[in-house]
Structures are given as C-alpha cells and as structure tokens.
Amino acid sequence: FLGTLRQNDIRPNSSLEIEICDCLRPGDVILARIHAIGGSGGGGGNSDAFVLTTAEAELGVIQAISEVSGCEMMPISWKEMECPVSGVREGRKVAKPRGIKNV
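Because the structure is predicted, anything quoted here is derived from the model rather than measured.

Conventions adopted
- Residues numbered from 1 in each chain as written.
- Predicted model: local features only at pLDDT ≥ 70, side-chain atom pairs only at ≥ 80, totals over all residues.
- Heavy atoms only, no water.
- Helix = DSSP H or I, 4+ residues; strand = E, 2+ residues; numbered from the N terminus.
- Buried < 20%, exposed > 50% of the residue type's maximum accessible area, 1.4 Å probe, protein only.
- Contact = heavy atoms within 4.5 Å.
- Pairing = 2+ DSSP bridges.
- Axes fitted to C-alpha atoms, helices over the stretch in contact; angles between N-to-C directions.

Engineer: Would you mind showing me how to read the environment of Thr53 here?
Structural biologist: Within the fold, Thr53 resides in strand β4 (residues 49-53). Among the residues examined, Thr53 registers a relative accessible area of 8% and is labelled buried. In the structure, Thr53 is positioned 19 residues away from Ile34 in sequence and 6.4 Å away in space, judged by C-alpha atoms. Each residue touching Thr53, except ones within four places of it in the same chain, is listed here: Leu5, Asp9, Ala32, Arg33, His35 and Leu59.

Engineer: Teacher, can you tell me more about the sheet that holds strand β3 (residues 33-37) here?
Structural biologist: The strand order across the open sheet built from 3 strands is β1-β4-β3, with neighbouring strands paired in mixed fashion. Edge positions in the sheet fall to β1 (2-5) and β3, since each has one partner strand and no second. For this sheet, the mean angle separating the axes of adjacent strands, direction not counted, is 40°. With 4 bridges connecting them, β3 and β4 associate as antiparallel partners. Residue pairing for β4: Ile37 is matched across the bridge by Phe50.

Now the structure itself:
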C-alpha cells in the first residue's frame, strides 16, 4: 500500500507553511493515522493509496537516524532530536511518547 503525508497534515493548526525537512526526513520511522482512503492527492487516482496525518501530539517521528553520525537519535522536545554521539540536533515533528501526560 502507498501512503501520502501532505504538508498541511504534518503539524496541528499548521495554517502557515512549514518546512518538511524540519519535521521529518527520508528514512524516519513515523507513527501516523489514516486521514483518508484512496487517491494520492497528486491526481494519480491510486485507489490503494492512503492519505496520512501526523497532526496530533502523539503522532510523528518515533525513530530517526542522524545525518552526521548515522546513529539513532533521541527525542529532546516535541520538535527536536539529538544524536547521543555527536550532540548534533535536528528538527523533527516528534511523536509524544505514550503514557506521558501534559508534556
């Protein structure tokens, strides 16, 4: 199956344009919800495609690899992850860990 994550479905209330590279990058593992079924939004008409959303606090990147060191990064806030080896921080739309309240 195919999934499409549209720019306006990445962050909640994202009426302003956001930079996708500040939210997720190729290779990231994300937790997303199906927003709609069928069609990719690109006019392709693929009925097997899903339109996804991460526009909820508990949805977003759950695993990311640092572009600098190649190591798995750790979330440090809802919008940043940090490499434990190099200390480099990269922007991501981080999924709120389950079981954490009002973070």
